[in-house]
Amino acid sequence: MKDESDESSEPEASATIFKKEAPSLTLPLQSPPLTHPSSFILPPSEQWTVEQWQTAGCEAAEAGDLEQAIQAFRLCLLERPHDPELHFYLAEAHYRQGQLEAATERYYAGVECDDHYMEAWTQLGWVLEERGQQEAALSAFGVALEFHPEYPDAHRHKANEM
């Protein structure tokens, strides 16, 4: 005899889990720990905005501290996951670290957010070429030129591939 408590009971709450909106984030200074926190110090009572994290990430990248830049850009993406520029910055940091697979994924994420982002399409083509995926690289350069026929970088890279 089957016990009624053994019967499958589908949790009704699971349907509502996906309907909840993510809370708006105010990113704390201390999360996650950064490798050189002295360059990111704010008074403890203040919170950093996405713009402040983005600026800090760009400054860290310019200084060659790519790990810190990656952490800052990831924090920005928690608040603005559909921002193509943030994906692009993160891709660039991964690329400069030699992490071509991670860079490829972030360039794709950038063009998924804005399919007219010619710089992302061009950089995606460049990375795909470096990874030995010539056909995909030509396709990426072609997309960049489709949206912006006069873009010289895409022409140059596409010509190098042919």
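What counts, and where the lines are drawn
- Residues numbered from 1 in each chain as written.
- Predicted model: local features only at pLDDT ≥ 70, side-chain atom pairs only at ≥ 80, totals over all residues.
- Heavy atoms only, no water.
- Helix = DSSP H or I, 4+ residues; strand = E, 2+ residues; numbered from the N terminus.
- Buried < 20%, exposed > 50% of the residue type's maximum accessible area, 1.4 Å probe, protein only.
- Polar contact = N/O pair within 3.5 Å; in protein donor to acceptor, adjacent residues only side chain to side chain.
- Phe/Tyr/Trp six-rings, centres within 6.5 Å; stacked < 30°, edge-to-face > 60°.
- Salt bridge = Lys/Arg side-chain N within 4 Å of Asp/Glu carboxyl O.
- Core = buried A, V, L, I, M, F, W, Y, C linked by side-chain atoms within 4.5 Å.
- Contact = heavy atoms within 4.5 Å.

K.L.:
Explain the environment of glutamine 52 to me, and be specific about the residues and the numbers.
P.N.:
Inspection of the secondary structure puts glutamine 52 in helix H2 (residues 50-62). In this structure glutamine 52 comes out as partly exposed when scored by relative accessible area, which is 32%. A polar contact is formed between the side chain of glutamine 52 and the backbone nitrogen of threonine 49, at a distance of 2.8 Å.

K.L.:
Break down the packing of aromatic side chains for me, citing the residues and quoting the values.
P.N.:
Counting across every chain of the model gives four aromatic pairs. An aromatic cluster is built from Phe88, Tyr107 and Tyr117, whose rings are joined through pairwise contacts.

K.L.:
Summarise the pattern of salt bridges; cite the residues concerned and give the values.
P.N.:
Applying the stated criterion across every chain yields a total of two salt bridges. When the shortest N-O distance is used, the salt bridge between arginine 80 and glutamate 51 registers 2.9 Å. Of this pair, arginine 80 sits in the loop between helix H3 (66-79) and helix H4 (84-96) while glutamate 51 is found in helix H2, placing the two residues 29 residues apart along the sequence. With a shortest N-O distance of 2.9 Å, aspartate 83 and arginine 80 are connected by a salt bridge. With a relative accessible area of 17%, aspartate 83 lands in the buried category. Salt bridges here are not isolated pairs; linked through shared partners, they connect Glu51, Arg80 and Asp83.

K.L.:
Lay out the nonpolar core with the relevant residues and their values.
P.N.:
Soluble globular proteins: nonpolar side chains tend toward being buried together. Judged by nonpolar contacts, the single largest core of 17 residues is most densely connected at Trp53, Ala69, Cys76 and Leu90. Contributing elements (two or more residues each) for this core: H2, H3 and H4. Ranked by residues supplied to this core, first place goes to H3 with eight residues. If sequence neighbours within four positions are ignored, leucine 90 has contacts with Ile70, Phe73, Arg74, Leu77 and Arg106. Among the nonpolar cores identified, the runner-up in size contains 16 residues, and Ala103, Val111, Leu124 and Ala140 belong to it.

K.L.:
Can you explain the side chain of histidine 94? Please cite residues and give values.
P.N.:
Inspection of the secondary structure puts histidine 94 in helix H4. Among the polar contacts made by the side chain of histidine 94, one reaches the side chain of arginine 74 at a distance of 3.4 Å. Residues within four places of histidine 94 in sequence aside, it is in contact with Ile70, Arg74, Gln99, Ala102, Ala103 and Arg106.

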